[in-house]
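Examining the three-dimensional arrangement
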Amino acid sequence: MKELQIGVQGMTCAACAGRVERGLKKVEGVEAASVNLATENASVAYDPATTTPQALVEKIKEVGYTPVVAEAELGVTGMTCAACVGRVERALKKLDGVLSSSVNLATERATVRYLPASTGVAQLKRAVREAGYGVLEASAGQDRADVERQAREKEIAHLRGMTLLAAAFAVPLTLIAMVGMVWMPAHMFLTSLAPMEAWNWVMLALTVPVYFVAGARFLRLGWKALRSLSPDMNSLVMIGTGAAFWYSTAVTVLMSLAPGLLPEQARHVYFEAAGVVITLILLGKYLEAIAKGRTSQAMKKLLGLQAKTARVIRAGGELEVAVDEVLPGDVVAVRPGEKVPVDGVVISGQSYVDESMITGEPVPVAKGEGAKVVGGTINQNGAFTFRATAVGADTVLAQIIKLVETAQGSKPPIQGLADRVVAVFTPVVLGIAALTAVVWLLFGGEAAVSYALVNTVAVLIIACPCAMGLATPTSIMVGTGKAAEMGVLFRKGEALQTLQEAQVIALDKTGTLTKGKPELTDLRVPGGFDEAEVLRLVASLEQKSEHPIARAVVKEARARGLELLEPQDFEALPGFGVSGQVGIYRVDVGADRYMAQLGVDVSPFAAEAQRLADEGKTPLYAAVGGKLAAVVAVSDPVKEGTPEAIAALHRQGFKVAMITGDNRRTARSIARQLGIDEVLAEVLPEGKADAVKQLQGKGYRVAFVGDGINDAPALAQADVGLAIGTGTDVAIETADVILMSGDLRGVPNAIALSRATLKNIKLNLFWAFAYNVVLIPVAAGVLYPLGGWLLSPVLAGAAMGLSSVFVLSNALRLRGFQPPLKAENPLPQPSPQAVPA
């Protein structure tokens with residue numbers, strides 16, 4: 001049995017505590033549960049073979065309370081392959097109170113969800129260190145990204161130094177050991193200077209610094225991994241090079257002291273197999289570290305966007321302060337060419353601001369009084385002041401960086417295959433190496449010992465799981481970073497895979513397909529009613545509504561100079577309409593279904609409404625005093641680029657559906673104009689999720705595209721949710737993908753990048769698996785009976801290093817990805833006259 005402490009929030013009385021206790025006791029495997037209301041803590045004794053901490057947490061949620069769960073990110077050093085990743089994950093999961101742990105080899109980070117009542121960050125760090133790895137520690141005032149950058153630079157410098165040291169000794173070692181074998185005059189020259197027994201001692205002296213100094217990392221980490229019964233790449237290198245080194249050392253000593261003890265065929269030494277292999281592996285690791293640094297280029301760009309200082313107006317004067325000292329409400333001045341330091345709203349001045357790294361759109365955006373500005377964007381040649389609304393971690397840029405980091409650290413479903421293989425890979429390789437040694441000792445003839453040693457070492461060296469561990473996370477890192485440059489934010493790495501697996505793209509209409517800024521186009525009144533008076537009454541009522549259609553009606557009334565009244569008893573009925581008292585009249589405005597509910601006959605305008613709907617306009621009715629007073633038509637212009645985006649989605653093989661509250665005739669008219677395949681019309685706001693479910697019921701995997709604000713249920717229901725046109729509202733929890741720009745062309749671009757990333761991952765995984773499947777048997781000597789061909793351990797070491805470099809280089813190709821559509825900002829280019837000096 002194990003005992004677990006879980007913090008519980010939301011309890012208000014003893015009955016709450018009792019409810020949590022009873023719920024926990026119902027979980028299979030729970031022996032006892034005790035809940036303390038005063039400390040808000042649950043103590044649970046459970047059988048870990050029957051249940052898990054996660055099941056206990058879910059039960060607390062199920063009974064209506066909130067378990068206290070925390071998340072920590074640790075920078076982990078010393079990991080070299082996928083086996084290391086698994087080892088760190090297992091070490092963390094063994095701790096009481098750890099719900100999940102995910103370790104990313106490319107970012108060198110561990111993300112842990114845990115119960116702070118049972119364990120803490122100190123215990124997490126200790127578990128990592130006890131597993132044989134290091135934890136990056138940030139000192140006070142030091143940014144984590146800076147700590148990781150410095151650690152990576154230090155690691156690259158160390159690898160460079162060790163590679164140069166190893167090469168300095170490995171080059172003469174190779175010349176002595178190999179040149180004489182391929183060129184007889186060189187062998188004769190060496191033996192004329194000294195007997196081979198003496199040269200063996202020279203090669204031993206050259207190998208010692210390579211093996212014990214440059215190769216110390218492999219010996220240290222490999223032994224730790226073996227001791228904990230979780231062998232990894234370092235263990236394979238340690239055993240392989242160790243076998244070559246210690247066998248050759250024994251031969252050298254015995255040849256000097258008692259040469260008769262060794263048969264002729266066992267007197268060859270393999271110092272070059274140890275020295276040169278270690279040198280080549282170090283070179284591969286050095287190149288790998290450089291390439292891993294390049295995979296995070298997009299993140300470096302994002303971090304580089306952050307301004308260091310801000311010009312704050314305090315006590316009537318400008319004061320330059322560090323950006324983290326800016327407070328919400330501060331007035332900040334921005335000069336031409338400067339970065340906007342934090343988020344805010346312009347209060348004076350005007351300019352154009354380059355927001356390309358936030359939205360992906362290249363054209364500068366006009367900013368005047370009341371406009372929102374985003375920290376990290378670049379002011380052009382105007383000047384303005386703004387009031388800070390969000391600082392520090394609350395700024396858009398900080399949230400974007402957090403979202404990208406989270407996506408880069410997560411694992412898509414395809415990673416599961418690699419994880420399952422790696423879990424058994426190293427023990428299987430050790431088994432193959434042992435079998436190789438036995439077979440060659442039994443059937444190797446006179447040189448059995450030499451053959452057994454060479455082939456066993458080659459198997460151990462070539463079978464490195466590094467490429468498997470890097471195959472997925474490096475592509476995810478580069479792909480999500482490239483997406484951020486395009487103004488596309490993947491909240492989870494999984495979305496990169498699931499997005500391209502969708503079959504139907506369901507689009508919300510208002511604000512997604514259209515601009516979300518309707519215009520009043522038609523107003524017809526029956527005999528006995530005055531058009532201007534009806535518009536005045538309708539607009540007076542609509543003043544209280546936030547709906548885009550209401551704003552269009554009010555805008556038209558004000559443009560005509562009509563004096564609006566203050567409505568009383570205003571009531572909004574979502575999906576139907578609005579009602580209220582305007583002066584002496586009862587006014588109702590809404591769809592035909594609302595008029596039917598009120599008992600108002602709309603047949604006099606039925607033909608007119610049909611004509612308007614056929615034109616793609618939205619017809620609404622107005623009733624004054626319970627009598628039909630008008631039919632109003634509103635048109636919401638289609639966004640620039642929407643037809644192009646839908647055509648691109650069709651080319652990509654998707655079926656496109658539209659979900660809208662418009663009547664069927666209007667919706668079908670718009671669908672015909674845009675080439676949309678399926679229409680779900682007259683959908684109430686709360687029914688969008690059901691509409692998505694309806695599409696899923698037909699067997700489709702659905703990606704829903706909405707504005708990310710009132711479409712939250714549909715975004716959550718879809719297999720993949722894309723929030724489009726959210727502007728500065730990036731902290732959308734229900735969307736899997738966030739498109740910073742309002743341009744629908746970002747959807748096919750995001751899908752194209754998703755497909756390119758998955759293709760890249762599959763190629764990486766194919767290479768990593770195929771490399772081992774093909775070359776391990778070759779290293780074991782299966783080709784020897786065919787042509788006497790054996791794989792040298794030196795070539796095996798070179799191939800091992802190249803496999804990781806290939807995977808990283810392939811992932812880096814994603815940095816050159818070009819989106820199929822160019823999403824352009826519809827705003828005009830700034831003119832010199834419009835921009836103040």
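Bear in mind that the values here come from a model prediction, so they are computed numbers and not experimental data. (Residues numbered from 1 in each chain as written. Predicted model: local features only at pLDDT ≥ 70, side-chain atom pairs only at ≥ 80, totals over all residues. Heavy atoms only, no water.)

**Looking at the sheet that holds strand E4 (residues 66-67)**
The strand order across the open sheet formed by 4 strands is E2-E3-E1-E4, and the pairing between neighbours is antiparallel. The open sheet is flanked by strand E2 (30-36) and E4, the only strands paired with a single partner. Contacts from helix H1 (residues 14-25) reach strand E1 (2-9), E2 and strand E3 (41-46), with the element oriented near 165° to E2. On top of the sheet, helix H2 (residues 53-62) reaches E1, E2, E3 and E4; it is set at about 30° to E1, its chief contact. (Pairing = 2+ DSSP bridges. Helix = DSSP H or I, 4+ residues; strand = E, 2+ residues; numbered from the N terminus. Contact = heavy atoms within 4.5 Å. Axes fitted to C-alpha atoms, helices over the stretch in contact; angles between N-to-C directions.)

**Regarding the sheet that holds strand E5 (residues 70-77)**
Spatial ordering of the open sheet is given by E6-E7-E5-E8, a layout of 4 strands whose pairing is antiparallel. With one partner strand each, in any of the chains shown, strand E6 (98-104) and strand E8 (134-135) form the two edges of the open sheet. With 2 bridges joining them, E5 and E8 adopt antiparallel strand pairing. Its bridge partner lying in E8, Thr77 is registered against Gly134. Running at roughly 165° to E6, helix H3 (residues 82-93) makes contact with E5, E6 and strand E7 (109-114) of the sheet.

**A short note on H1**
Owing to its 3.6 residues per turn, the α-helix aligns residues three or four sequence positions apart on the same side. The first and last C-alpha atoms of H1 sit 17 Å apart over 12 residues, in line with the 16 Å expected at 1.5 Å per residue. Listed in full, the buried residues belonging to H1 are Cys16, Ala17, Gly18, Val20, Gly23 and Leu24. (Expected span 1.5 Å × (residues − 1). Buried < 20%, exposed > 50% of the residue type's maximum accessible area, 1.4 Å probe, protein only.)

**Regarding helix H20 (residues 548-559)**
Here H20 is 12 residues long and its end C-alpha atoms lie 16 Å apart, about the 16 Å a rise of 1.5 Å per residue gives. Taken together, the buried positions of H20 are Pro548, Ile549, Ala550, Ala552, Val553, Val554 and Ala557. Those residues of H20 that are buried are in contact with helix H18 (509-513), strand E19 (519-524), helix H19 (531-542), strand E23 (618-624) and strand E24 (627-635). Gly561 sits one or two positions beyond H20 and adopts a positive phi of about 80°.

**Some thoughts on a nonpolar patch on the surface**
Judged by side-chain polarity, Leu435, Val438, Val439, Leu442 and Phe443 come together as a nonpolar surface patch covering roughly 540 Å² of accessible area. Checked against the element boundaries, Val439 lands in helix H14 (residues 415-443). Note on Val439: relative accessible area 37%, which makes it partly exposed. (Patch = residues over 30% accessible without salt bridge, like charges linked within 9 Å, V, L, I, M, F, W, Y side chains within 5 Å. Areas by Shrake-Rupley, 256 points an atom, 1.4 Å probe, with all protein chains shown as cover. Salt bridge = Lys/Arg side-chain N within 4 Å of Asp/Glu carboxyl O.)

**Overview of the UniProt feature "transmembrane region" (unreviewed entry) in the protein**
When the UniProt feature table is mapped to this numbering, "transmembrane region" (unreviewed entry) covers residues 162-186, 198-216, 236-257, 269-287, 421-443, 449-472, 765-784 and 790-812. Helix and strand shares over residues 269-287 are 89% and 0% respectively, and the end C-alpha atoms of the span are 30 Å apart. Taken end to end, residues 765-784 comprises 85% helix and 0% strand; its first and last C-alpha atoms sit 29 Å apart. (UniProt positions renumbered as here; feature names shortened; annotations may be inferred.)

**Considerations on the pattern of salt bridges**
Where charged atoms of side chains with opposite charge meet at close range, the side chains can pair. Overall, the coordinates contain 26 salt bridges when judged by the stated rule. Arg109 is paired through a salt bridge with Glu73; the nearest N and O atoms lie 3.8 Å apart. Here Arg109, found in strand E7, pairs with Glu73, found in strand E5; they are 36 residues apart in sequence, far enough to count as distant. Taking relative accessible area as the criterion, Glu73 reaches 23% and is therefore assigned partly exposed. In this structure, Glu501 engages Arg701 in a salt bridge whose closest nitrogen and oxygen atoms are separated by 3.7 Å.

**With respect to the nonpolar core**
Membership of the largest hydrophobic core comes to 137 residues, with the highest contact counts inside it found for Met79, Phe490, Ile505, Leu722 and Val747. Take this core: its biggest share by element is 15 residues, from helix H27 (residues 746-780). Sequence-distant contacts of Ile505, defined by excluding residues within four places in its chain, comprise Leu649, Phe654, Lys655, Val656, Ala657, Ala703, Val705, Val747 and Ile751. (Core = buried A, V, L, I, M, F, W, Y, C linked by side-chain atoms within 4.5 Å.)

**Focus on the environment of Gly329**
Looking at where Gly329 falls in the secondary structure, it is placed in the loop between strand E10 (317-322) and strand E11 (331-334). In sequence terms Gly329 and Ala390 are 61 residues apart; their C-alpha atoms lie 8.7 Å from each other. Setting aside anything within four residues of it in sequence, one finds Gly329 in contact with Arg387 and Ala388.

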